[in-house]
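This is what each chain is made of:
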Amino acid sequence: MKSHALKKSVTLAVAVAAIGAAAFALLKQSPAKAHRDGPSSYAELMTMSNAELAKLDIALMNLLSAEGLSGAENLNVGQSLTVLDQWAGAVRQNERKYLPQFHRTPARYDNSLAVFKAVNLALTLKQDLGCDYNKELVTSGVMADIRSTRFFRDSSDVFLHGFIEKRKGSCASLPVLMVAVGRRCGYPLYLAASKGHLFCRWENGAERFNIETAIEGVDSKPDSHYRRWPHPFTDEELTTEKYLKSLAPAEELGVFAQIRAACLEENRRFKEAAQAYETALRAFPESKYVKAYLNNVRGEN
């Protein structure tokens, strides 16, 4: 097994932040219970209120959002959730195994137990379990044009079931995997977005830092990094697109709906794509991009 020591180039900036009690309630839920009491189809997911979404496992929300898409023909939601539970067990096992390493050399983890746990989570998933970025998405040039939907042709590249089936994904699904498994371990993890990119964040009222896994190993970048990478954005877009925000459950669903819509659009299922973009727009009502995507697919109908 490869070493779980922190990558030498990593510098983790830990900042004090405040967060509401309502968000903590989401993170303390039991994913297994959330699935048992939750929706069993995408159609049922679409009927849920924001309060109901706040009690839902992010993995269940993501997997149901892939229902019926190209590349999701073998989707088995229940089996996928069981696998994620098992992977969380592997993370907890490694945490216990490597905890003495943290206590011996805490400075390697910025003297933060939270940083140690985040690094262990990422490296267990990526190194031990083999879940990583699909390099073909990079080498094929499919990611070069932010205006194209080619990136979304195969839903297994952008939704969680891709990791279950082939251990491969992208920046659209790897942060979701981190959050889904991390929350199963009791970690206060959130999704956050920059322009054309998702990442995850540890935020619990005492510490706040970003976790970047769309690289070799794991790193943490300040918010200022994402203002420029992978695409720069304006102060106006920071507000209207909700960039760099720790996303609420309804906004997580909005992100998944937008990814679903792009998959449908790429496969020329324009009417369904419009419906998914409408769902995304409810979560991001000021987004000029979602509005433009919606108008575009409506014009194709």
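A brief report on the enclosed structure follows. Just so it is clear, the structure is predicted and the values come from calculations on it, not from any experiment.

Some words on the side chain of Arg260
On the secondary structure map, Arg260 appears in helix H13 (residues 249-266). With no salt bridge to any partner, buried Arg260 finds its closest opposite charge in Glu272, at an N-O distance of 5.0 Å. Among the polar contacts listed, one links the side chain of Arg260 to the backbone oxygen of Glu67, at a separation of 2.7 Å. With residues up to four places along the chain from it excluded, the contact list for Arg260 reads Tyr42, Leu64, Ser65, Ala66, Glu67, Leu69, Phe159 and Ala276.

Some thoughts on the side chain of Glu251
By the element assignment, Glu251 lies in helix H13. In this structure the side chain of Glu251 is engaged in a polar contact, spanning 2.8 Å, whose partner is the backbone nitrogen of Ala248. Here Glu251 is in contact with Lys242, Lys245, Ser246, Ala283 and Phe284, once residues within four sequence places are set aside.

Observations regarding the packing of helix H6 (residues 77-104) against helix H10 (residues 174-184)
At their nearest, the axes of H6 and H10 sit 8 Å apart, and the two run at 70° to each other. In terms of orientation, H6 lies roughly perpendicular with respect to H10. Considering how the two elements wind past one another, H6 and H10 form a crossing that is right-handed. Side by side, H6 and H10 meet where Leu81, Leu84, Asp85, Trp87, Ala88, Val91 and Arg92 of the first sit next to Leu177, Val181 and Arg184 of the second. Class assignment of the residues belonging to the contact of H6 with H10 gives a composition of 7 nonpolar, no polar and 3 charged.

Section: the pattern of salt bridges
Scanning the model with the defined rule gives 18 salt bridges in all. The shortest N-O distance in the salt bridge between Lys117 and Glu95 comes to 3.9 Å. On the criterion of sequence distance, the pair formed by Lys117 in helix H7 (residues 113-128) and Glu95 in helix H6 is long-range, its members being 22 residues apart. In this structure Glu95 comes out as buried when scored by relative accessible area, which is 18%. A salt bridge links Asp223 to Arg208, with the nearest nitrogen and oxygen atoms 3.1 Å apart. Taken together, the residues Asp223 in helix H11 (residues 223-226) and Arg208 in strand E5 (residues 208-211) connect sequence positions 15 residues apart. Here Asp223 falls in the partly exposed class, since its relative accessible area comes to 22%.

Considerations on the pairing of strand E4 (residues 197-203)
Within E4, 7 of the 7 residues are buried, which leaves it mostly tucked inside the rest of the structure. Going residue by residue along E4, you find His197, Phe199, Arg201 and Glu203 tucked away on one face and Leu198, Cys200 and Trp202 tucked away on the opposite face as well. Across 6 bridges, strand E3 (residues 189-194) lies against E4 in antiparallel orientation. From the neighbouring strand, Leu189 faces E4, where its bridge partner is Trp202. What sits between the antiparallel neighbours E3 and E4 is a turn of 2 residues, in which Gly196 has the positive phi angle 80°. In this structure, E4 lies alongside E5, joined through 4 bridges in antiparallel fashion. Its bridge partner being in E5, Cys200 is matched across the sheet by Ile211. Joining the antiparallel neighbours E4 and E5 is a turn of 4 residues, in which Gly205 adopts a positive phi near 95°.

Description of unusual backbone geometry
For the bond from Trp229 to Pro230, the omega torsion is 0°, close enough to zero to count as cis. Residue position: Pro230 is located in the loop between H11 and helix H12 (235-240). Positive phi is not limited to glycine here, since Arg268 has a value of about 60°. Its place among the elements puts Arg268 in the loop between H13 and helix H14 (270-283). A relative accessible area of 59% means that Arg268 is categorised as exposed.

Re the environment of Tyr133
Along the chain, the position of Tyr133 falls in strand E1 (residues 132-133). Overall, the relative accessible area of 8% leaves Tyr133 in the buried class.

Some points on the environment of Val77
The topology assignment puts Val77 in helix H6. Of the residues examined, Val77 reaches a relative accessible area of 16% and is grouped as buried. The sequence separation of Val77 and His161 amounts to 84 residues, and the corresponding C-alpha distance is 8.2 Å.

Each value, and the rule that gives it
- Residues numbered from 1 in each chain as written.
- Predicted model: local features only at pLDDT ≥ 70, side-chain atom pairs only at ≥ 80, totals over all residues.
- Heavy atoms only, no water.
- Helix = DSSP H or I, 4+ residues; strand = E, 2+ residues; numbered from the N terminus.
- Buried < 20%, exposed > 50% of the residue type's maximum accessible area, 1.4 Å probe, protein only.
- Lys, Arg positive; Asp, Glu negative; His and termini not counted.
- Salt bridge = Lys/Arg side-chain N within 4 Å of Asp/Glu carboxyl O.
- Polar contact = N/O pair within 3.5 Å; in protein donor to acceptor, adjacent residues only side chain to side chain.
- Contact = heavy atoms within 4.5 Å.
- Axes fitted to C-alpha atoms, helices over the stretch in contact; angles between N-to-C directions.
- Parallel < 35°, antiparallel > 145°, perpendicular 65-115°, else oblique.
- Left-handed = near helix turned anticlockwise from the far one by under 90°.
- Nonpolar A, V, L, I, M, F, W, Y, C, P; charged D, E, K, R; others polar.
- Pairing = 2+ DSSP bridges.

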